[in-house]
Amino acid sequence: MTKGNAFVLGASGQVGRAAVRALVADGWEVTAASRGGGRDGRWPDGVRSVALDRTEEGALAAGLSDGCDVLVDIVAYDRGHGRQLTGLADRIGSAVVVSSGAVYEDEAGRGFDTQDRPDGFPAYPVPIPEGWRTVAPGDGTYGTRKIALERELLAAGDALPTTLLRAGAIHGPYSPGPRELWFVKRALDGRPVRLLSYGGASRFHPVHVDNLAELVRLAAANPGSRVLNGGDPEAPTVAEIGAAIDAVLGVESETVLLEGAPEGTVGLTPWTAAHPIVYDMTAAERELGYRPVVSYAESLPETVAWLRERAAGREWREAFPGLAKYGVDLFDYAAEDAWLASRA
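Residues numbered from 1 in each chain as written. Predicted model: local features only at pLDDT ≥ 70, side-chain atom pairs only at ≥ 80, totals over all residues. Heavy atoms only, no water.

Undergrad: Provide a residue-level description of the overall build of the protein, including the pertinent values.
TA: Each helix and strand counted, the protein has 12 helices and 11 strands in total. Relative to the globule expectation of 20 Å for 344 residues, the C-alpha radius of gyration of the protein, 20 Å, shows essentially globular dimensions. Its C-alpha atoms put the protein at 70 × 45 × 35 Å along the principal axes. For the protein, the proportion of its 344 residues judged to be buried stands at 53%. Taking all contacts inside the protein whose residues are at least 6 apart in sequence as the whole, residues at least 24 apart take part in 75%. (Helix = DSSP H or I, 4+ residues; strand = E, 2+ residues; numbered from the N terminus. Rg over C-alpha atoms; globule rule 2.2 N^0.38 Å. Buried < 20%, exposed > 50% of the residue type's maximum accessible area, 1.4 Å probe, protein only. Contact = heavy atoms within 4.5 Å.)

Okay, structure coming up:
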């Protein structure tokens, strides 16, 4: 006997692949929807794949047909997507929607998207609970769009019980913007040194795709209207991440620490922040019985192997467009060498 039918939007992406596997293993009949209708080679034959572009008028309604017991939305980004789901509430038993920790702001009103303000980086409590203050909803930034999505779905209440998962720094294979590349590429390029700002102490709480998929699985089986953080069992510093990746690759790199902020690209990494970003996971443990299925260090061999294969013979911007979109040269070795030479 199956648990019911699950419909996954964004199934061919990094998180969607893992979510489909977790739902199938838990006894759901799964329809995997994505714009290209692609499949993951690890999915069983029973997974039904469909090509669906949610931006096309009526496409999602047609894809749902008679409806589903749970809809998992990996690619919902704004108020419009929330309204799209609530407008189909009569066909959806419950929903699990991936949001983001980018919705939080600190006591000074600073969030992820306001780091260029004169008053600096946000300073969050450690760890951040789900009840902490958030940015105002709007259409201006990623964080404001995500909180607008959350508000729209939570307002539906019992008409569409929705679990919103505020994901941390997602990592694992198939990422379009893998942060781990910052260390992996340096090792593969034979760079003997890496420079880390803020004393290498920056912490940006990661969440592996399998841990996020476990949260999806548990929430699908336990419908409700709630907001939960999504994070790994630990939030390592950027220096600890570098050491762990070196261990996987079997290399030894020299780490040079800048005590303050990055100087241009020197000392800048995809985890860089002046204050720690760590999410409280006790609510997920209490409400869903969540237990992580993998630690950060345990997950690295698979991630590193995928990065090596993906990067082989390709320019990094082409291979990883999600990193390239930030418009920053993450591998400005000339600037690093000049900085080192000036302090020789």
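Undergrad: I'd like to hear about unusual backbone geometry, residue by residue, with values.
TA: Val126 connects to Pro127 through a cis peptide bond whose omega is -5°. For Tyr174, which is not glycine, the phi torsion reads 75° and is therefore positive. Structurally, Tyr174 is set in the loop between strand E7 (169-171) and helix H5 (181-188). Taking relative accessible area as the criterion, Tyr174 reaches 33% and is therefore assigned partly exposed. Unusually for a residue other than glycine, Tyr198 sits at a positive phi of about 50°. With respect to the helices, strands and loops of the structure, Tyr198 is situated in the loop between strand E8 (193-196) and strand E9 (206-208).

Undergrad: Give me the lowdown on helix H4 (residues 142-154), citing residues and values where you can.
TA: For H4, which comprises 13 residues, the first-to-last C-alpha distance of 18 Å matches the rise-based estimate of 18 Å (1.5 Å per residue) to within 8%. If you follow the buried residues of H4, they end up packed against helix H3 (79-86), strand E5 (92-100), strand E6 (162-167) and strand E10 (226-230). (Expected span 1.5 Å × (residues − 1).)

Undergrad: Account for the packing of helix H7 (residues 238-249) against helix H9 (residues 296-311), with residues named and values stated.
TA: Where H7 contacts H9, the axes come no closer than 10 Å and their chain directions differ by 60°. The crossing of H7 and H9 is right-handed. Mapping the contact onto sequence places Ile241, Ala244, Ile245, Val248 and Leu249 in H7 and Tyr296, Leu300, Pro301, Val304 and Arg308 in H9. When grouped by side-chain class, the residues that make up the contact of H7 with H9 number nine nonpolar, no polar and one charged. (Axes fitted to C-alpha atoms, helices over the stretch in contact; angles between N-to-C directions. Left-handed = near helix turned anticlockwise from the far one by under 90°. Nonpolar A, V, L, I, M, F, W, Y, C, P; charged D, E, K, R; others polar.)

Undergrad: Give a detailed account of H5, specifying residues and quantitative values.
TA: Among the eight residues of H5, six are classified as buried, and the element is accordingly described as predominantly covered. Buried within H5 we find Leu181, Trp182, Phe183, Val184, Arg186 and Ala187. Taken together, the buried residues of H5 touch E8, H7, H9, helix H10 (316-319), helix H11 (321-324) and helix H12 (333-342).

Undergrad: Provide a residue-level description of the sheet that holds E5, including the pertinent values.
TA: The seven strands are arranged E3-E2-E1-E4-E5-E6-E10 in an open sheet whose pairing can be described as parallel. If you trace the sheet from one side to the other, it starts and ends with strand E3 (48-51) and E10, each paired once. Across the sheet, the mean angle separating the axes of adjacent strands is 20° when strand polarity is ignored. Packing of helix H1 (residues 14-25) onto the sheet brings it into contact with strand E1 (4-9), strand E2 (28-34) and strand E4 (68-73), and relative to E2 it is tilted by some 165°. (Pairing = 2+ DSSP bridges.)

Undergrad: Talk me through the environment of Val207; I want residue IDs and the actual numbers.
TA: Here Val207 shows up in strand E9. Not counting the four nearest positions on each side in its chain, Val207 is found in contact with Ala167, Gly168, Ala169, Ile170, His171, Leu212, Gly230, Gly231 and Asp232.

Undergrad: Give me the lowdown on the nonpolar core, citing residues and values where you can.
TA: Formed by 36 residues in total, the largest nonpolar core has its most connected members in Val8, Val20, Leu23, Val72 and Leu215. Contributing elements (two or more residues each) for this core: E1, H1, E2, E4, E5, E6, helix H6 (209-221) and helix H8 (282-288). The leading source of residues in this core is H6, at eight residues. In this structure, Tyr124, Ile128, Tyr296 and Trp316 belong to the second largest nonpolar core, which totals 33 residues. (Core = buried A, V, L, I, M, F, W, Y, C linked by side-chain atoms within 4.5 Å.)

Undergrad: Help me get a handle on the side chain of Ser197, residues and values and all.
TA: Take Ser197: it is sitting in the loop between E8 and E9. Its relative accessible area of 2% is what places Ser197 among the buried residues. A polar contact of 2.9 Å, which involves the side chain of Ser197, links it to the backbone oxygen of Gly267. (Polar contact = N/O pair within 3.5 Å; in protein donor to acceptor, adjacent residues only side chain to side chain.)

Undergrad: Tell me about the environment of Ser225, residues and numbers included.
TA: Within the secondary structure, Ser225 sits in the loop between H6 and E10. Expressed as a C-alpha distance, the spacing of Ser225 and Leu153, which sit 72 residues apart in the sequence, is 8.7 Å.

Undergrad: I'd like a rundown of the pattern of salt bridges, residues and numbers included.
TA: This model, assessed by the stated rule, comprises 25 salt bridges. Between Arg83 and Glu152 there is a salt bridge, and its shortest N-O distance comes to 3.6 Å. Here Glu152 lies in helix H4 and Arg83 lies in helix H3, a separation of 69 residues in the sequence. Taking relative accessible area as the criterion, Glu152 reaches 21% and is therefore assigned partly exposed. Of the charged contacts, one joins Arg343 and Glu263 as a salt bridge, the two residues approaching to 3.5 Å between their closest N and O atoms. In this pair, Arg343 sits in the segment after H12 while Glu263 sits in the loop between strand E11 (254-257) and H8, placing the two residues 80 residues apart along the sequence. Overall, the relative accessible area of 46% leaves Arg343 in the partly exposed class. Classification of Glu263 as partly exposed rests on a relative accessible area of 41%. Among the charged side chains, a network of salt bridges with common partners joins Arg17, Arg21, Asp40, Arg42, Asp210 and Glu302. (Salt bridge = Lys/Arg side-chain N within 4 Å of Asp/Glu carboxyl O.)

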